[in-house]
Amino acid sequence: MAIEIERKFLVDHAKWNALAKPAGKLFKQGYILSDDKRTVRIRVTDEAAYLTLKGSTTGISRSEYEYTIPIADGNEILSGLTVSAIEKVRYEIDFAGNTWEVDIFSGDNDGLIVAEIELEQEDQAFERPDWVAREVTDDHRYSNASLSVNPHKNWGDVSI
């Protein structure tokens, strides 16, 4: 079984903006199904499309299965079968032996920047870059599936 172990953090905008970084990649992501027990997602980039199935979260772990599909199929599924969607630009930043995935959201989630780190074990130690701020792993509002139906703009003032 494939397991995803992930922690999420808000990002300090000023420190992030000052950081030299590689080019980002646009992700269009839609949800076919999302509830407490499972998520079925389609993700499309300029280079590939993916169908992802995720199980319920226990601690910071959950089952995850991801399959590459043709981009044309991904776009058709995204436009015809999803019930909610988000767009974001993702940056991959290597820091202290780990890769951080930093998502800058657009649309109804404009202004939200979230950093994620995938771990091998739930209790794995790691070093945080100085642009990583408050942890939001346990705040389910920050899941991409949740952001697709309850966007950040609707939350009121949420500080990092």
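Report on the accompanying structure. Model, not experiment: these values are computed from the prediction. (Residues numbered from 1 in each chain as written. Predicted model: local features only at pLDDT ≥ 70, side-chain atom pairs only at ≥ 80, totals over all residues. Heavy atoms only, no water.)

Concerning helix α2 (residues 71–80)
Going by this rule: When accessible area is computed with a 1.4 Å probe and restricted to protein chains, residues below 20% of their type maximum are described as buried, those above 50% as exposed, and intermediate ones as partly exposed. Labels follow the DSSP assignment, with helices taken as runs of H or I lasting at least four residues and strands as runs of E lasting at least two, numbered in each case from the N terminus. By arc we mean the arc of the directions from the helix axis to the C-beta atoms, nothing more. Whether two residues are in contact is decided by their heavy atoms, any of which lying within 4.5 Å being enough.
Those residues of α2 not exposed but buried are Gly74, Ile77 and Leu78. Taken around the axis of α2, the buried residues stretch over an arc of 100°, which confines them to a single face. Set apart from the buried face of α2 by more than 90 degrees, the exposed residues are Glu76, Ser79 and Gly80. Lining the buried residues of α2 we find β2 (25–34), β3 (38–44), β4 (49–55) and β5 (61–69).

With respect to the pairing of β5
The condition that has to hold: When DSSP finds at least two bridges between two strands, those strands are taken to pair.
In this sheet, β5 lies alongside strand β1 (residues 3–11) in antiparallel orientation, the contact comprising three bridges. When the bridges of β5 are listed, Ile3 appears paired with Ser63. Of the pairings in the sheet, the one linking β4 to β5 comprises six bridges and is antiparallel in character. From the neighbouring strand, Leu53 faces β5, where its bridge partner is Tyr65.

Digging into the packing of aromatic side chains
Stated precisely, the cut-off is as follows: Here a pair means two rings of Phe, Tyr or Trp (six-membered ring of Trp) with centres within 6.5 Å. Their orientation is stacked below 30 degrees between planes, edge-to-face above 60, and tilted elsewhere.
The full count for this structure, using the stated rule, is seven aromatic pairs. Arranged with centres 5.5 Å apart and planes meeting at 70°, the rings of Trp16 and Tyr91 form a pair that is edge-to-face. Here Trp16 is found in helix α1 (residues 13–18), whereas its partner Tyr91 is found in strand β6 (residues 84–95), with 75 residues between them in sequence. No difference in accessibility class separates Trp16 from Tyr91, as the two residues are buried. With a centroid separation of 5.8 Å and 65° between ring planes, the pair formed by Trp100 and Phe126 is classed as edge-to-face.

A short note on the pattern of salt bridges
Just so we agree on the cut-off: Definition used for salt bridges: Asp or Glu carboxyl oxygen within 4 Å of a side-chain nitrogen of Lys or Arg.
Taken as a whole and assessed by the stated rule, the structure comprises 15 salt bridges. Residues Lys54 and Glu4 are paired through a salt bridge, measuring 3.3 Å at the closest nitrogen-oxygen approach. Here Glu4 lies in strand β1 and Lys54 lies in strand β4, a separation of 50 residues in the sequence. Accessibility classification places Lys54 together with Glu4 in one group, the buried group. If you follow the salt bridges from partner to partner, you end up with Lys8, Lys88, Arg90, Glu101, Asp103 and Glu116 in one network.

Things to note about the environment of Tyr65
Relative to the helices and strands, Tyr65 resides in strand β5. Judged by relative accessible area, Tyr65 falls into the partly exposed class, the value being 32%. The spacing of Tyr65 and Gly55 is 10 residues in sequence and 9.0 Å in space, taken between C-alpha atoms.

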